[in-house]
Every structure is written in structure tokens, then in C-alpha cells.
Amino acid sequence: MTSTDDVTESKILLAEYGCLKEEQKTRIGFRDNLLYFTLAAATAVVAITAQSGQSQLLLSVPAICLILGWTYLVNDEKISAIGYYVRDRLGPRLEELTSAHGAVFDWESYHRSVAGRTVRKRLQTAVDLFTYLVLPLVCTTAFWCSAVVQPVLMLASLGQTLALAVLGWQFLRRTER
């Protein structure tokens, strides 16, 4: 059993840092896999639609992209929030406690200033928008151009299109400049 004398605020903050970085790593893996899963699911739906000739199945792609896209965004927001917390709260507090002569957890700031980061972030946003917005809109448009458009399905597809616009706006809004 450990003595309470061994517990210091610095040790608690370092333990918190370790837990936060582990959560961040797990969320990054999950978020990145969502992108692959979304593309695989959309490809499967398009293949099944092409084989069966039932164009109404294409309307499942926007639903898949809405659900997985929102989950992607939520995880991305949490990943960023952990970075902000470490950079703005945890690091400065530990720096103060240890009287460090430089930034504690400097990587949290350094990697944000690496050359080309802005271009990479914009390209990632383009990939995200293609996957979660353009791809489902192409499927919706293909459905609209088919011969089996029924009023109820048309109404559902219009609702999905509106929801996709909101999702796209959220992606753009959350893009770091």
C-alpha cells in the first residue's frame, strides 16, 4: 500500500495526462476506422443496389453517412478537446508546480506549427466532406434519377439531404484554420 506522502499534485497531473493520452489514442484509432467502415458500407450498398436494381436501397447510404459522420465528428471534437486541455490547463499547471524552464508537454503545441499542417488539415476536411457529404448526395441524386421515386421516399431523401447539409456545415465549422 502506498503512503499518502507519495501522492503529490504533480504525480496526479502526470497520471491524468497518461489517461488522457490513452483516451486520445483510442479515439483517434476509432475515428480513423469510422472513415474506412463508412466507405466499405457505402460500397456494399452500391454493389447490392447494382445487382438488385432496387435504387431505393441507395437511400441507406445517406443514413449510414449521417450516423457514422456524426460519430466521427464527436470523436474528433473529443480528440481536439483533450489536446486543448493538455496544452492550456494541464501543461501550465504542471509547469507552475515544477518550476520548469520551458513548456511542459511541448509536443502538444509544437506539432501544430509544423510546416504543411494547414494544407494537410484542409485535405483531410476535403476527404471527410467527400466521404460524409458528397458520396451520400451522389447516391441520393442517383435515386432521384431512377424510375422508382415514390412520394414517401422522395420526402425521406429530402430530409436526409437537409441533415447532410447540417453535417457538412458541422465539418466546415470544426475545421481548424
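Here we look at the overall build of the chain
Here's step 1: The helix and strand tally for the chain stands at five helices and zero strands.
Here's step 2: Order of helices (α) and strands (β) in the chain, N terminus to C terminus: α-α-α-α-α.
Here's step 3: Its C-alpha radius of gyration of 22 Å places the chain more than 25% over the 16 Å reference for a compact globule of 177 residues.
Here's step 4: Along the longest, intermediate and shortest principal axes, the C-alpha atoms of the chain span 75 × 40 × 25 Å.
Here's step 5: For the chain, buried positions account for 33% of its 177 residues.
Here's step 6: Across the chain, every contact between residues at least 6 apart in sequence was considered, and the portion connecting residues at least 24 apart equals 76%.
Here's step 7: Entry remark: accessible area of the chain is about 10800 Å², with carbon and sulfur atoms responsible for 65%.
Here's step 8: A distance of 9 Å separates the average location of the 17 positive side-chain charges in the chain from that of its 16 negative side-chain charges.

Notes on the confidence of the model for the chain
Here's step 1: The pLDDT averaged across the chain works out to 91; a share of 96% of its residues lies at or above 70.
Here's step 2: Looking across the chain, the model is least confident in helix α3 (residues 107-110), with a mean pLDDT of 78, and most confident in helix α5 (residues 151-173), with 96.

Considerations on the packing of helix α1 (residues 9-52) against helix α4 (residues 117-144)
Here's step 1: Where α1 contacts α4, the axes come no closer than 11 Å and their chain directions differ by 20°. Considering their axes alone, α1 and α4 lie roughly parallel with respect to each other. Two packed elements cross with a definite hand, and for α1 against α4 that hand is left-handed. Residues Leu34, Leu35, Thr38, Leu39, Ala42 and Val46 of α1 form the contact with α4, whose participating residues are Gln124, Val127, Asp128, Thr131, Tyr132, Leu135 and Cys139.

Examining α1
Here's step 1: With 44 residues, α1 should cover 64 Å at 1.5 Å per step; its first-to-last C-alpha distance of 63 Å lies within 8% of that length.
Here's step 2: Taken residue by residue, α1 has Ser10, Leu13, Leu20, Gln24, Arg31, Leu34, Leu35, Thr38, Ala41, Ala42, Val45 and Thr49 as its buried positions.
Here's step 3: Buried positions along α1 lie against α2 (60-98) and α4.
Here's step 4: The positive-phi residue at the C-terminal boundary of α1 is glycine 53, with phi of around 75°.

A closer look at the packing of aromatic side chains
Here's step 1: Within the structure shown, the criterion is met by four aromatic pairs.
Here's step 2: A ring pair is formed by tyrosine 17 and phenylalanine 105, whose centres lie 3.8 Å apart and whose planes are at 10°; its orientation type is stacked. Residue tyrosine 17 is located in helix α1, and its partner phenylalanine 105 is located in the loop between α2 and α3; the two are separated by 88 residues in the primary sequence.
Here's step 3: In this structure phenylalanine 105 comes out as buried when scored by relative accessible area, which is 16%.

Remarks on the packing of α1 against α2
Here's step 1: Where α1 meets α2, the closest approach of the two axes is 9 Å, and the angle between their N-to-C directions is 160°. The orientation of α1 relative to α2 falls into the category roughly antiparallel. Here α1 and α2 pass one another in a crossing that is left-handed.
Here's step 2: Taken together, the residues of the contact of α1 with α2 break down into 23 nonpolar, eight polar and eight charged.

Cut-offs applied
- Residues numbered from 1 in each chain as written.
- Predicted model: local features only at pLDDT ≥ 70, side-chain atom pairs only at ≥ 80, totals over all residues.
- Heavy atoms only, no water.
- Helix = DSSP H or I, 4+ residues; strand = E, 2+ residues; numbered from the N terminus.
- Rg over C-alpha atoms; globule rule 2.2 N^0.38 Å.
- Buried < 20%, exposed > 50% of the residue type's maximum accessible area, 1.4 Å probe, protein only.
- Contact = heavy atoms within 4.5 Å.
- Areas by Shrake-Rupley, 256 points an atom, 1.4 Å probe, with all protein chains shown as cover.
- Lys, Arg positive; Asp, Glu negative; His and termini not counted.
- Charge placed at Lys NZ, Arg CZ, Asp CG, Glu CD.
- pLDDT = per-residue confidence, 0-100.
- Axes fitted to C-alpha atoms, helices over the stretch in contact; angles between N-to-C directions.
- Parallel < 35°, antiparallel > 145°, perpendicular 65-115°, else oblique.
- Left-handed = near helix turned anticlockwise from the far one by under 90°.
- Expected span 1.5 Å × (residues − 1).
- Phe/Tyr/Trp six-rings, centres within 6.5 Å; stacked < 30°, edge-to-face > 60°.
- Nonpolar A, V, L, I, M, F, W, Y, C, P; charged D, E, K, R; others polar.

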